[in-house]
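Chain and residue survey
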Amino acid sequence: QVQLVESGGGLVQPGGSLRLSCAASRIFSIYSMGWYRQAPGQQRELVAVITTGSDNINYADSVKGRFTISGDNGKSTVYLQMNSLKPEDTAVYYCNVRGRATPLRARDDYWGQGTQVTVSS
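Now for a description of the structure that goes with this document. (Residues numbered from 1 in each chain as written. Predicted model: local features only at pLDDT ≥ 70, side-chain atom pairs only at ≥ 80, totals over all residues. Heavy atoms only, no water.)

**Regarding the overall build of the chain**
- When helices and strands are counted, the chain shows zero helices and eleven strands.
- When the elements of the chain are put in sequence order from the N terminus, they spell out β-β-β-β-β-β-β-β-β-β-β.
- Its C-alpha atoms give the chain a radius of gyration of 14 Å, within 12% of the compact-globule value 14 Å for 121 residues.
- Overall, the chain is about 50 × 25 × 25 Å in size when its C-alpha atoms are taken along their principal axes.
- Contacts in the chain between residues at least 24 apart in sequence constitute 55% of all its contacts with a sequence separation of at least 6.
- Within the structure as shown, the chain displays about 6600 Å² of accessible surface, and the carbon and sulfur contribution to it stands at 45%.
- Taking the average place of the 12 positive charges on the side chains of the chain and the average place of its 9 negative ones, the gap between the two points comes to 5 Å. (Helix = DSSP H or I, 4+ residues; strand = E, 2+ residues; numbered from the N terminus. Rg over C-alpha atoms; globule rule 2.2 N^0.38 Å. Contact = heavy atoms within 4.5 Å. Areas by Shrake-Rupley, 256 points an atom, 1.4 Å probe, with all protein chains shown as cover. Lys, Arg positive; Asp, Glu negative; His and termini not counted. Charge placed at Lys NZ, Arg CZ, Asp CG, Glu CD.)

**A few points about the packing of aromatic side chains**
- By the definition in use, this model includes one aromatic pair.
- Here the aromatic rings of Y36 and W111 are separated by 5.1 Å at their centres, their planes lie at 70°, and the arrangement is edge-to-face. Here W111 lies in strand β10 (residues 108-111) and Y36 lies in strand β4 (residues 29-38), a separation of 75 residues in the sequence.
- In this structure, R44 is placed above the aromatic ring of Y94, and the distance from its NZ or CZ to the ring centre is 3.8 Å. (Phe/Tyr/Trp six-rings, centres within 6.5 Å; stacked < 30°, edge-to-face > 60°. Lys NZ or Arg CZ within 6 Å of the ring centre and 35° of its normal.)

Written out as C-alpha coordinates, the structure reads:
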(Lines give C-alpha, C1' and ligand atoms only; values in the text may rest on other atoms or scores of the structure.)
Protein backbone atom coordinates (compact mmCIF):
# COMPACT_ATOMS: atom_id res chain seq x y z
CA GLN A 1 0.00 0.00 0.00
CA VAL A 2 1.39 3.38 -1.05
CA GLN A 3 2.32 5.60 1.88
CA LEU A 4 2.83 9.35 1.90
CA VAL A 5 4.24 10.97 5.02
CA GLU A 6 4.00 14.74 5.26
CA SER A 7 5.69 17.10 7.67
CA GLY A 8 6.46 20.76 8.17
CA GLY A 9 3.16 22.53 8.73
CA GLY A 10 2.48 24.93 11.56
CA LEU A 11 1.72 28.47 12.62
CA VAL A 12 3.70 31.34 11.16
CA GLN A 13 3.38 35.10 11.09
CA PRO A 14 2.68 36.94 7.84
CA GLY A 15 5.89 37.31 5.86
CA GLY A 16 7.35 34.19 7.41
CA SER A 17 8.47 30.94 5.86
CA LEU A 18 7.70 27.25 6.16
CA ARG A 19 8.99 24.17 4.40
CA LEU A 20 6.77 21.18 3.76
CA SER A 21 8.07 17.75 2.88
CA CYS A 22 6.39 14.59 1.67
CA ALA A 23 8.06 11.20 1.43
CA ALA A 24 6.49 8.45 -0.67
CA SER A 25 7.11 4.77 -0.11
CA ARG A 26 5.83 1.43 -1.39
CA ILE A 27 5.29 2.87 -4.85
CA PHE A 28 6.67 1.34 -8.05
CA SER A 29 6.97 4.44 -10.21
CA ILE A 30 6.19 8.14 -9.89
CA TYR A 31 4.95 10.36 -12.70
CA SER A 32 4.52 13.57 -10.72
CA MET A 33 4.56 14.90 -7.18
CA GLY A 34 2.82 18.01 -5.98
CA TRP A 35 0.96 19.97 -3.36
CA TYR A 36 -2.67 20.98 -3.14
CA ARG A 37 -4.41 23.00 -0.47
CA GLN A 38 -7.92 23.39 0.85
CA ALA A 39 -9.15 26.28 2.93
CA PRO A 40 -12.37 26.05 4.96
CA GLY A 41 -15.41 26.23 2.72
CA GLN A 42 -13.34 26.13 -0.45
CA GLN A 43 -12.44 23.51 -3.00
CA ARG A 44 -9.08 21.83 -3.02
CA GLU A 45 -6.73 23.67 -5.40
CA LEU A 46 -3.39 22.97 -6.98
CA VAL A 47 -0.46 24.81 -5.43
CA ALA A 48 2.50 23.35 -7.31
CA VAL A 49 3.43 20.18 -9.15
CA ILE A 50 6.64 18.75 -10.54
CA THR A 51 6.81 16.03 -13.19
CA THR A 52 9.61 13.58 -12.53
CA GLY A 53 12.06 13.01 -15.34
CA SER A 54 11.25 16.17 -17.25
CA ASP A 55 11.30 18.41 -14.14
CA ASN A 56 8.38 20.30 -15.61
CA ILE A 57 6.97 22.54 -12.88
CA ASN A 58 3.67 24.36 -12.58
CA TYR A 59 2.56 26.83 -9.91
CA ALA A 60 -0.73 28.41 -9.05
CA ASP A 61 -0.63 32.10 -9.97
CA SER A 62 -1.25 33.03 -6.36
CA VAL A 63 2.03 31.48 -5.19
CA LYS A 64 4.38 32.26 -8.08
CA GLY A 65 7.52 34.00 -6.89
CA ARG A 66 6.88 33.00 -3.27
CA PHE A 67 6.75 29.19 -3.24
CA THR A 68 9.29 26.77 -4.65
CA ILE A 69 8.68 23.08 -5.26
CA SER A 70 11.56 20.65 -5.55
CA GLY A 71 11.99 16.92 -5.64
CA ASP A 72 14.53 14.31 -4.61
CA ASN A 73 13.92 11.39 -6.94
CA GLY A 74 16.32 9.16 -5.07
CA LYS A 75 14.29 9.57 -1.89
CA SER A 76 10.87 9.84 -3.58
CA THR A 77 10.43 13.06 -1.65
CA VAL A 78 8.94 16.39 -2.63
CA TYR A 79 9.42 19.68 -0.84
CA LEU A 80 7.52 22.95 -0.84
CA GLN A 81 9.43 26.00 0.33
CA MET A 82 6.94 28.71 1.20
CA ASN A 83 8.23 32.26 1.65
CA SER A 84 6.48 35.58 2.18
CA LEU A 85 3.46 33.78 3.54
CA LYS A 86 0.13 35.58 3.63
CA PRO A 87 -2.99 34.97 5.71
CA GLU A 88 -4.73 33.78 2.56
CA ASP A 89 -2.24 30.92 2.34
CA THR A 90 -3.88 29.43 5.43
CA ALA A 91 -5.18 25.98 4.53
CA VAL A 92 -4.64 22.27 4.90
CA TYR A 93 -1.90 21.29 2.48
CA TYR A 94 -2.04 17.85 0.87
CA CYS A 95 0.75 16.01 -0.84
CA ASN A 96 -0.22 14.32 -4.10
CA VAL A 97 1.71 11.63 -5.93
CA ARG A 98 0.61 10.35 -9.32
CA GLY A 99 2.14 7.01 -10.17
CA ARG A 100 1.86 3.26 -10.25
CA ALA A 101 1.80 1.27 -7.04
CA THR A 102 2.95 -1.93 -8.80
CA PRO A 103 4.01 -2.80 -12.37
CA LEU A 104 0.54 -4.22 -13.01
CA ARG A 105 -1.40 -1.27 -11.62
CA ALA A 106 -2.54 1.66 -13.71
CA ARG A 107 -1.40 5.16 -12.91
CA ASP A 108 -3.38 6.58 -10.01
CA ASP A 109 -3.45 9.49 -7.55
CA TYR A 110 -2.32 9.04 -3.97
CA TRP A 111 -2.81 11.58 -1.18
CA GLY A 112 -1.14 12.42 2.08
CA GLN A 113 -3.07 12.96 5.29
CA GLY A 114 -2.75 16.74 5.09
CA THR A 115 -0.83 19.23 7.19
CA GLN A 116 -2.23 22.48 8.55
CA VAL A 117 -0.57 25.75 7.62
CA THR A 118 -1.82 28.80 9.49
CA VAL A 119 -0.56 32.29 8.70
CA SER A 120 -1.60 34.72 11.40
CA SER A 121 -0.22 37.44 13.59
